[in-house]
Amino acid sequence: MDYSLLDAPASHVVDTARGLLGWQLEANGVRVSITEVEAYAGVGEDPASHSHRGPTERSSVMFGPAGVLYVYFVFGMHWCMNVTAGHEGEAAAVLLRAGKVIGGVELARARRGPVADRELARGPARLSVALGIDGSANRTSLLDGTGPARLIPAPAPPGVIRSGPRVGVAAAHDVPWRFWLDGEPSVSPYRRHTPRRRTGTPRPT
């Protein structure tokens, strides 16, 4: 399989993200076609990225080799999956935001409950649930079969790819680094980040 897309420098993460659309991801008996992604760059380049201020215990995986799963927990309840990109020592990753289930549909339904097929893997948390991925998959390879998930190259035609602002980021709100397949029902709706008001904080007057 040709994984050269992931070997591009971290500075080309936007191209890597766009190129991952259409690729297939298989894990724990379910296979999806990737329909929506977001690019995140490295140190000092992207204030929305976990690696913006340098490596931490959580984000150090972004500085490792390409083609590794970066799985993190958000809002105390959701797992999100990223594909690391770029050369080792350079931080970059692509968030997998949504997919179309193309194999193991009944298993995905069992994990997700009674929802429409387009909702099975629509959004990063639902995608992880449909594929049975949690924090135990963090730092595992997506390329060599040693981890629970595997990427399968199958690029989408360039003419169906669209771009726009990333969803729910607390910084760099309008950077158009979200990419999706036009007309695909599994693509998640756009929501700009809205800061949460702390309890007891006076409302603006």
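In short, a report on the structure. Quick caveat, the model's predicted, so the values are computed rather than measured. (Residues numbered from 1 in each chain as written. Predicted model: local features only at pLDDT ≥ 70, side-chain atom pairs only at ≥ 80, totals over all residues. Heavy atoms only, no water.)

### Some remarks on the nonpolar core
Keep this limit in mind: Only buried Ala, Val, Leu, Ile, Met, Phe, Trp, Tyr and Cys residues count toward a nonpolar core, and they belong to the same one when joined by side-chain atoms within 4.5 Å. Each residue is placed in one exposure class: buried if its accessible area under a 1.4 Å probe, protein chains only, is under 20% of its type's maximum, exposed if it is over 50%, and partly exposed if it falls in between. In DSSP terms, a helix is any run of H or I states spanning at least four residues, a strand is any run of E spanning at least two, and both are numbered starting from the N terminus. By definition, residues are in contact when any of their heavy atoms lie within 4.5 Å.
Grouped together as the largest cluster of nonpolar side chains are 42 residues, with contacts concentrated most on L25, M81, L131 and L151. Looking at this core element by element, the count peaks at five residues for strand β2 (residues 30-40). Not counting the four nearest positions on each side in its chain, L25 is found in contact with V30, R31, V32, M81, L96, L131, L142, A149, R150 and L151. A48, F63, C80 and V169 belong to the second-largest nonpolar core, a separate cluster that totals 14 residues.

### Quick notes on the environment of P176
On the secondary structure map, P176 appears in the loop between β7 (161-164) and β8 (178-181). For the pair P176 and G135, spaced 41 residues apart in sequence, the C-alpha to C-alpha distance is 28 Å. Apart from residues lying up to four places away in sequence, P176 is in contact with S163, G164 and P165.

### Section: the side chain of S51
Stated formally: Polar contacts, as counted here, are pairs of nitrogen or oxygen atoms within 3.5 Å of one another; within protein the pair requires one atom able to donate a hydrogen and one able to accept it, and residues that are adjacent in sequence qualify only if both atoms are side-chain atoms.
Its place among the elements puts S51 in the loop between β2 and β3 (69-74). Taking the relative accessible area as the measure of exposure, S51 reaches 0% and is therefore buried. Engagement of the side chain of S51 in a polar contact is seen with the backbone oxygen of A41, the distance being 3.1 Å. Within the local environment of S51, its side chain forms a polar contact with the side chain of S49, the two groups lying 2.9 Å apart. Among all residues touching S51, those that are not within four sequence positions of it are A41, G42, V43, S59, M62, F63 and A91.

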